[in-house]
Amino acid sequence: MTVIDRFLKYVSFDTQSSETSDTTPSTDKQMNLALELKKEVEAMGLTEISLDEHAYLMATLPANTDAKIPTIGFIAHLDTSPDMSGANVKPRIVEHYDGKDIVLSEKENVVLSPTMFPELLHHIGEDLIVTDGTTLLGADDKAGIAEIMTAIQYLIDYPEIKHGKIRIAFNPDEEIGMGASKFDVAKFDCDWAYTMDGGEAGELEYENFNAAGAKVIVKGLNVHPGYAKNKMVNASLIAAQFAGILPPHERPEHTEGYEGFFHLTGMTGTVEEATLSYIVRDHDKNKFDQRLKRLEEVTAYLNKIYPEGTIQLEIKQQYRNMREIVEPQKHIVDLAENAMKEVGLKPLVRPIRGGTDGAQLSFKGLPCPNIFAGGLNFHGRYEWVPIQSMEKAVKVIVKIIELNAL
Ligand SMILES: [Zn+2]
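Residues numbered from 1 in each chain as written. Predicted model: local features only at pLDDT ≥ 70, side-chain atom pairs only at ≥ 80, totals over all residues. Heavy atoms only, no water.

Trainee: Which residues make up the domain arrangement of the chain, and what values do they have?
Mentor: What the domain assignment lists for the chain is domain 1 (3–207 + 321–404) and domain 2 (210–319). The distance between the C-alpha centroids of domain 1 and domain 2 comes to 38 Å. The partner domain 2 presents 10 residues to the eight residues of domain 1 that form the contact. Of the roughly 770 Å² buried between domain 1 and domain 2, counting both surfaces, carbon and sulfur atoms make up 45%. The largest per-residue losses of area from domain 1 upon contact with domain 2 belong to Asn 321, Pro 351 and Arg 353, which jointly make up 65% of the total buried on that side. (Domains from an automatic or database assignment. Contact = heavy atoms within 4.5 Å. Buried area = accessible area lost by both parts, 1.4 Å probe.)

Below, the structure written as structure tokens:
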């Protein structure tokens, strides 16, 4: 089976995860794809196959040499985004893309256009897999699964390529941030791993945000407005004052690259009580800590102006930048970069402006940078993937394994 055959088969499984569930997997249907993949790895003759009740599937391609080689892993996720249906996906292949608009659905007037998505123009002449405009495609992350499976089959078919022990894993619920939560790192037992996920051919990521959530709670004092002089404390206005003190240019809408931010995600307010909800993000650990300190300073400042205890601040750490885990073992990243170069790709090393399963796995003891899977416009009807990018990803996996054995 080619990587395309596999991909088309895997997207026929509806594996949408759900944010409102507290089980793992969050939706039973993810298990259907896990069971299918289990059958496939059995048929391929892989060993140490395990599928647990949470839909984490692991398997081993044993080493074919006695040389001492680190064990590496490749990981992709089973689920698709809760943002859009992944049921009855009807993929279509656009051969030799000509750079023009692609009508996804004539009936619903859904058009994939380079005017809106200029990345299309980097793929002229390639063969693109697109949706019928009514569902997402599921390249995130079934492209990753198809690439890993195809690469492993390639290594089985060409035993002259010497390699160490290779582990693969497919996990549920990445899209709801729970993909790493029940991942048994000890059982996976790798020196390091790569997630095959995310976008454009060449992308390689080992930096993500440090992240915290902050809640500001303001307690006011309500008095009849006609008799409020020197008595009323208006919680809503103090909350607005708090929000106004934070630097306006350090918001998501004004930042990119390595620039961090304070993001006001919600506010509620009456005279009696008001709350502000923030997420705080920064790649740099020092700057991140300074941001949290800034929130404390603003809280202390306002508590001096208003009755002590008027403003309360609650900070919740969310996730950390995997760079601090991966960087001391930079050879992990270098290996992937070299593999990309050897198969003719230009590595695009970029900081992730978000979190990843790989970050959580890194802090659980499995250093885990992310490598592109090739898909674009995730989580919606405009999702598409160039076949050539998937083929390159397969080559990158094979090359990493090959170089790791040298
Ligand atoms: Zn993904």
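Trainee: Describe unusual backbone geometry, listing the residues and the values that go with them.
Mentor: Geometrically, the link from Thr 24 to Pro 25 is a cis peptide bond, its omega value of 0 degrees lying close to zero. Take Pro 25: it is sitting in the loop between helix 1 (3–10) and helix 2 (29–43). With an omega of 15 degrees, the peptide bond running from Asp 140 to Asp 141 counts as cis. Note that Asp 141 resides in helix 3 (residues 139–157). (Helix = DSSP H or I, 4+ residues; strand = E, 2+ residues; numbered from the N terminus.)

Trainee: Please set out the sheet that holds strand 12 (residues 261–269) residue by residue, giving values where relevant.
Mentor: One open sheet accounts for four strands, arranged 12-13-11-14; its pairing is antiparallel. One side of each edge strand has no neighbouring strand; the edge strands of this open sheet are strand 12 and strand 14 (311–319). Pairs of neighbouring strands in the sheet enclose a mean axial angle of 15 degrees, with direction left out of account. Along the sheet face, helix 5 (residues 235–245) touches strand 11 (210–219), strand 12, strand 13 (273–282) and strand 14 and points at about 15 degrees away from the line of strand 13. Where helix 6 (residues 285–305) meets the sheet, its contacts fall on strand 11, strand 12, strand 13 and strand 14, and the angle it forms with strand 14 comes to roughly 165 degrees. (Pairing = 2+ DSSP bridges. Axes fitted to C-alpha atoms, helices over the stretch in contact; angles between N-to-C directions.)

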